Each structure stands twice: as C-alpha cells, then as structure tokens.
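Residue-level structural notes
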Amino acid sequence: MTAEPIRTARLTLLPLAVAHAREMAQVLADPALYTFTGGEPPTPDALRARYARQVAGPDDPGTEWLNWVVRVDRSGRLAGYVQATVTNRATGGATADVAWVVGTEWQGQGIAREAALGMRRLLARHGVRDLTAHIHPEHTASSGVARALGLTPSGEADEDGEIVWRGRTDGRPAMRTDGQP
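First, a word on what this report is: a plain description of the structure on this page.

Basis of the calculations
- Residues numbered from 1 in each chain as written.
- Predicted model: local features only at pLDDT ≥ 70, side-chain atom pairs only at ≥ 80, totals over all residues.
- Heavy atoms only, no water.
- Helix = DSSP H or I, 4+ residues; strand = E, 2+ residues; numbered from the N terminus.
- Contact = heavy atoms within 4.5 Å.
- Areas by Shrake-Rupley, 256 points an atom, 1.4 Å probe, with all protein chains shown as cover.
- Lys, Arg positive; Asp, Glu negative; His and termini not counted.
- Charge placed at Lys NZ, Arg CZ, Asp CG, Glu CD.
- Buried < 20%, exposed > 50% of the residue type's maximum accessible area, 1.4 Å probe, protein only.
- Expected span 1.5 Å × (residues − 1).
- Arc of directions from axis to C-beta.
- Pairing = 2+ DSSP bridges.

1. Section: the overall build of the protein
A tally of regular secondary structure across the protein gives four helices and eight strands. Helices and strands in the protein line up, N terminus first, as β-β-α-α-β-β-β-α-β-α-β-β. If you line up the protein on its principal axes, its C-alpha atoms span 45 × 35 × 35 Å. Within the protein, counting contacts between residues at least 6 apart in sequence, those at least 24 apart form 59% of the total. Taken as a whole, the protein presents about 9600 Å² of accessible surface, with 50% of it coming from carbon and sulfur. Of note, the protein has its 20 positive side-chain charges centred 9 Å away from the centre of its 21 negative side-chain charges.

2. Focus on the side chain of Thr8
Tracing the backbone shows Thr8 in the loop between strand S1 (6-7) and strand S2 (11-15). Given a relative accessible area of 11%, Thr8 falls into the buried group. Those residues in contact with Thr8 that lie beyond four places of it in its chain are Leu13, Asp73, Glu114, Gly118 and Arg121.

3. Details of the environment of Ala94
Note on placement: Ala94 falls in the loop between strand S4 (77-87) and strand S5 (95-102). As a C-alpha pair, Ala94 and His126 span 32 residues in sequence and 9.1 Å in three-dimensional space.

4. Observations concerning helix H2 (residues 44-56)
Between its first and last C-alpha atoms H2 spans 18 Å; for 13 residues at 1.5 Å apiece the expected length is 18 Å, and the two agree. Those residues of H2 not exposed but buried are Leu47, Tyr51 and Gln54. Down the axis of H2, the sector holding all buried residues measures 60°, keeping them to one side. Along H2, exposed side chains directed more than 90 degrees from the buried face belong to Asp45, Arg53 and Ala56. Gly57 sits one or two residues past H2 and shows a positive phi near 90°.

5. A word on the sheet that holds S5
Spatial ordering of the open sheet is given by S1-S2-S3-S4-S5-S6-S8-S7, a layout of eight strands whose pairing is mixed. The sheet is open, and its two borders are formed by S1 and strand S7 (152-157), each paired with just one other strand. Bridge analysis of strand S6 (residues 130-135) against strand S8 (residues 163-168) gives six bridges, and the strand direction is antiparallel. What sits directly across from Ala133, in S8, is Trp165.

6. Things to note about the environment of Gly155
Relative to the assigned elements, Gly155 resides in strand S7. Classification of Gly155 by relative accessible area gives exposed; the value is 72%. Residues Gly155 and Arg166, spaced 11 residues apart in sequence, show a C-alpha to C-alpha distance of 9.9 Å.

What follows is the structure in structure tokens.
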C-alpha cells in the first residue's frame, strides 16, 4: 500500500514529500503544538531529514508508513499532517496506528477530523481493519478526533502515559486480543 492523494470536502491529503519541509516547518512552528507530545518546533532542515526517512519507509517488510500533508483547498496552504503505520497486512488482519497534527492557525475548524476520516476511508478500502491512536489524557481536541473515527479509550496507557484508543475502520468496536469486542 502506498499513500495516494485523498480528497475530502475541503481538503486534499497529499503524499508526504521532502519538498513539503519548508512550508510544514512554518505550520509546526508554534511551541503550543508540543504541550501534550513534548519536543519543540522542527527546523526546515530537521524536517527534510525526517521526511527523507519517512518517504524511504521502514526497514521492516511487514510495516508500511503512510504519511500525508493536509492542504486546505480554498487557500492552497498546508495545515498539518496525518499518518498511519500499517502492520499485519500479510495475515489479512491489517492494523494501523494513526496520528494527526494540525497547525495552531487551523485548529478548531474540523480539519483534523476531516483529514483523519479521509485517511480512515482509504485504509478501509485497502483492507485495514483495526485502528489505534495514542492520545494524552488531557488532550480533548485529539480525543474528539478519535471519537469521530469511532475509536474508544481502551483503558490502557502506553509507555509515555498516553491512552491507547481502539476501533475499526467500519466504525465497530475493536476486538480485544482474546477475540471479544
């Protein structure tokens, strides 16, 4: 599976390219974006290096990295990104760990929700069944996006203290590892 352009009502999700680094450095420049995730705004050079690694893909043949930048069609400007790490495709039970970030200027407009839903539709079309997301327990905006995707908090926390949210691309509850909903 490869990242392909995705159209939504107001957005185009473009497959990530190293050339997006300069504009994305501006989108990601507000330190407030890192309140829940840690870190600091990346420089254009740091993003170019990161994007080169992401575009090259993982070393693990059972894992696929799908990354998109989010372009607002009306303005033509980039507003953030969505991404999915897809695993287990060979077994027919593909899963994706998904994430989204929208720059401060574009928050509160439903862009993260719309972009994430567009990504979910593509993942479902390519056989991905289960979704997970890792969200800081106090990040209400990201929790709202996860709910829009049909994800629910699992009650598990990851090693960073983020809550693991789970769901399916068809909107049904995720199956637990013991086969129960």
